[in-house]
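# Chains, contacts and geometry: an overview
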Amino acid sequence: MERFHALIRRPSPKLADGIVTHIERSEVDADLAMRQWENYVAALHSAGWTTHEVEKIDSCPDGVFVEDTMVVYDDVAVIARPGADERRPEVEAAEAKVRELGYRIEHIEAPGTLDGGDVLKFAGTVWVGQGGRTNEEGLRQLAAYLEPLGAKVIGVPLTKVLHLKSAVTALPDGTVVGYEPLVDDPDVWENFLAVPEESGSHVVLLGDDTILMAADAPKSAELFRERGYRVIEVDISEFIKLEGCVTCLSVRLRGMPES
């Protein structure tokens, strides 16, 4: 089995204090969250992925959402400048890890802001959410780094969810899936599939025929199985309470440079 790599980061003991923007705050069970995180990591391993753990940052409640620290494209890691000031300390250790793994490093600089969760990549196209944590200057800088690598970078309106990948993700065949009440403009994507549950919008591609998703979207999971995909479901209820989803909990490194 071809082995892929992913960054992960353990939850902070302050997880329950994480930022919520579009939903009401509810009580988070930290012990349950840790078990769910361990099961998430185990699911990656079961699908043949190797994980690399970024140093935990106890002072940052949202640090477990490591996806927001960067955008990785080919052998370049563009280090984010999070739109929420209190999340900016999260990036240092994440940068150190991808530098250690051999990536070329670029940075989003002020006044640009960019969260990795606002960036959806598929087959050379990079969609970037605009209207939340990522601003126009962040988009411009990201495009300047990625377009020389052959990427086409497109801004996408975002007003109903925290990050673009809270609204849409892509299946292995390129179909973009989303829960329509939370998608500003489905017509952005030529091949858009509406799913019946919010968590059905969030899939992590673990192979050409395998996807990872949250366990609270059984109708969507069945829809994906009918399309021929192997679906791995994990319970991430405590992270959903903080506007997290399966994509937020890792950075997938499909093109890791050779050491």
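Refer to the preceding data block for the structure.
These remarks concern the structure in this document. Please read all numbers here as calculations on a predicted model, not as lab measurements.

A few words now on the packing of aromatic side chains. Throughout the structure, instances matching the rule amount to four aromatic pairs. Centroid distance Phe-65 to Phe-239: 6.2 Å. Interplanar angle 80 degrees. Geometry classified as edge-to-face. With a gap of 174 residues between them, Phe-65 in the loop between strand S2 (49-53) and strand S3 (70-73) and Phe-239 in helix H5 (residues 237-240) connect regions that are remote in the sequence. This pair shows no difference in class: Phe-65 is buried, exactly as Phe-239 is. On the basis of an interplanar angle of 25 degrees and a centroid distance of 6.5 Å, the ring pair of Trp-189 and Phe-192 is categorised as stacked. Ring pairs connect the aromatic residues Trp-127, Trp-189 and Phe-192, which therefore count as one cluster.

Attention shifts here to the state of the cysteines. This structure, assessed with the given rule, holds zero disulfides. Of all cysteine sulfurs in the structure, the one in Cys-248 sits closest to Cys-245, which takes part in no disulfide; the separation is 3.6 Å. Of the residues examined, Cys-245 reaches a relative accessible area of 3% and is grouped as buried.

Moving on: the sheet that holds strand S6 (residues 119-122). The strand order across the open sheet built from three strands is S6-S7-S8, with neighbouring strands paired in mixed fashion. Bordering the open sheet on either side are S6 and strand S8 (152-157), each of which pairs with just one other strand. Averaged over all pairs of adjacent strands, the angle between their axes in this sheet comes to 20 degrees, without regard to strand direction. Pairing of S6 with strand S7 (residues 125-130) involves four bridges; the strand directions are antiparallel. Within the sheet, the bridge partner assigned to Lys-121 lies in S7 and is Val-126. Lying over the sheet, helix H3 (residues 136-146) contacts S6, S7 and S8, oriented at roughly 165 degrees with respect to S7.

The rules behind each value
- Residues numbered from 1 in each chain as written.
- Predicted model: local features only at pLDDT ≥ 70, side-chain atom pairs only at ≥ 80, totals over all residues.
- Heavy atoms only, no water.
- Phe/Tyr/Trp six-rings, centres within 6.5 Å; stacked < 30°, edge-to-face > 60°.
- Helix = DSSP H or I, 4+ residues; strand = E, 2+ residues; numbered from the N terminus.
- Buried < 20%, exposed > 50% of the residue type's maximum accessible area, 1.4 Å probe, protein only.
- Disulfide = S-S within 2.5 Å.
- Pairing = 2+ DSSP bridges.
- Axes fitted to C-alpha atoms, helices over the stretch in contact; angles between N-to-C directions.
- Contact = heavy atoms within 4.5 Å.

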